[in-house]
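Chains, contacts and geometry: an overview
Now for the letters of each chain:
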Amino acid sequence: MKLDKIDLKILAALQRDGRITKLGLAQEANLSAAACWERLARLEKAGVIAGYSASLDAAKLGRFATVLVEITLKSHRQADFQRFEMAMLREPSIVSCDAVGGGIDYLLRVVTPDIDSYQRLIDGLLADEIGIDRYFTYIVTKTIKASGFPLEIIETGNP
């Protein structure tokens, strides 16, 4: 789907404030409310807007451990990847899982109440025999930046 500058204004406004009113969104995009609503509906229907959610301040939720984990699988058949990925989808403490190239197979972001809970999670994944050969753990000591999609990298169509 080709996006124009107005679409990007709408998306940027929604990333900044998902609770913006339709009137506020129209003003941000310099459109009438009806025209803005049509564009918003088109972006939703096309799946560009996958959903709406709240951005939580994790530090205010309590103490927890965030861990980045590199995973290498024992075998690299399609069934091995599928088995591993299904296990990742079932585990709520694994908040992101990316398949990557370059020496490892996956990079996980895991959030648990503490390091002991993290280790129990890893022990359980190893016991489940989902194909993990090696894993490397990196404890996050401070998150410097966490943001939405960088809309400035999108090439636009007509203005």
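Predicted model, so just to flag it, every value in this text is computed and none were measured. (Residues numbered from 1 in each chain as written. Predicted model: local features only at pLDDT ≥ 70, side-chain atom pairs only at ≥ 80, totals over all residues. Heavy atoms only, no water.)

**Observations concerning the pairing of strand β1 (residues 65-73)**
Most of β1 is tucked away: 7 of the 9 residues are buried. Across 7 bridges, β1 lies against strand β4 (residues 132-139) in antiparallel orientation. The partner of Val-67 across the bridge, within β4, is Ile-139. (Buried < 20%, exposed > 50% of the residue type's maximum accessible area, 1.4 Å probe, protein only. Helix = DSSP H or I, 4+ residues; strand = E, 2+ residues; numbered from the N terminus. Pairing = 2+ DSSP bridges.)

**What about unusual backbone geometry?**
Residues other than glycine seldom take positive phi values, yet Asn-30 does so here, at roughly 55°. Looking at the element boundaries, Asn-30 is found in the loop between α2 (22-29) and α3 (33-45). At Glu-129, a residue that is not glycine, the phi angle is positive and equals roughly 50°. Mapped onto the fold, Glu-129 is located in the loop between α5 (115-127) and β4.

**Some thoughts on the pattern of salt bridges**
Under the definition given, this model contains 8 salt bridges. Of the charged contacts, one joins Asp-7 and Arg-42 as a salt bridge, the two residues approaching to 2.7 Å between their closest N and O atoms. In this pair, Asp-7 sits in helix α1 (residues 5-16) while Arg-42 sits in helix α3, placing the two residues 35 residues apart along the sequence. On the basis of relative accessible area, Arg-42 is assigned to the partly exposed category, the value being 33%. Where Asp-57 meets Lys-60, a salt bridge forms, and the shortest distance between an N and an O atom there is 3.8 Å. Within the structure, one salt-bridge network assembled from shared partners comprises Asp-4, Asp-7, Arg-39 and Arg-42. (Salt bridge = Lys/Arg side-chain N within 4 Å of Asp/Glu carboxyl O.)

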